[in-house]
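This is what each chain is made of:
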Amino acid sequence: MAGVMETEEQARNRFQLELEFVQCLANPNYLNFLAQRGYLREKPFVNYLKYLLYWKEPEYAKFLKYPHCLHMLELLQYEHFRKELVNAQCAKFIDEQQILHWQHYSRKRTRLQQALAEQQQQQQPQAPSHGNTTSK
């Protein structure tokens, strides 16, 4: 029915459902599943993917646990990308690239955190020694 306002509970349920679905888009194997079953060729589904772009707004993106899904959502706006996802090798390649990215990111993040900790240690003033250091 057009013009019917959704209740607060319905809005909350829709938010949860869309949040979960958008995050599933980070999984290339799921995208391959959707492509092989023809969903990515259906106009209503493609329109739904376009509607979901609102998740890129900071007020919504802050709820995402897997922000990489936003990049996939953006790529899904392109017909060529949607067609390529039918190929399992395409999904495998994307999956491998994600793993490489995450490995590099976690190593880089660890190095940055170590460097920051070392920098903070060096910036702390050295406390004067209170031991018996008299010399004769």
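Residues numbered from 1 in each chain as written. Predicted model: local features only at pLDDT ≥ 70, side-chain atom pairs only at ≥ 80, totals over all residues. Heavy atoms only, no water.

Within an unreviewed UniProt entry, the label attached to the protein reads Mediator of RNA polymerase II transcription subunit 31, and the organism entered is Phoxinus phoxinus. Annotation of the protein in UniProt includes, under Subcellular location (unreviewed entry), the sentence "Nucleus". Its UniProt record gives the protein the following Subunit (unreviewed entry) comment, quoted word for word: "Component of the Mediator complex." (UniProt positions renumbered as here; feature names shortened; annotations may be inferred.)

Peer 1: How should I be thinking about helix H3 (residues 43-51) in this particular structure?
Peer 2: At 3.6 residues per turn, the α-helix brings residues three or four places apart onto the same side. For H3, the full list of buried residues reads Phe45, Val46 and Leu49. Taken end-on, H3 shows its buried residues confined to a sector of 100 degrees, consistent with a single buried face. Away from its buried face, by an angle of more than 90 degrees, H3 presents the exposed residues Lys43, Pro44 and Lys50. Taken together, the buried residues of H3 touch helix H1 (8-24), helix H2 (28-36), helix H5 (68-75) and helix H6 (79-84). (Buried < 20%, exposed > 50% of the residue type's maximum accessible area, 1.4 Å probe, protein only. Helix = DSSP H or I, 4+ residues; strand = E, 2+ residues; numbered from the N terminus. Arc of directions from axis to C-beta. Contact = heavy atoms within 4.5 Å.)

Peer 1: Any chance you could explain the state of the cysteines here in plain terms?
Peer 2: Where two cysteines share a covalent bond between their sulfur atoms, that bond is called a disulfide. Considering all chains together, one arrives at 0 disulfides under this definition. Here cysteine 24 stays unpaired: no disulfide links it, and the sulfur of cysteine 69, its closest cysteine neighbor, is 9.3 Å away. Looking at cysteine 24, the relative accessible area reads 34%, which means it is partly exposed. (Disulfide = S-S within 2.5 Å.)

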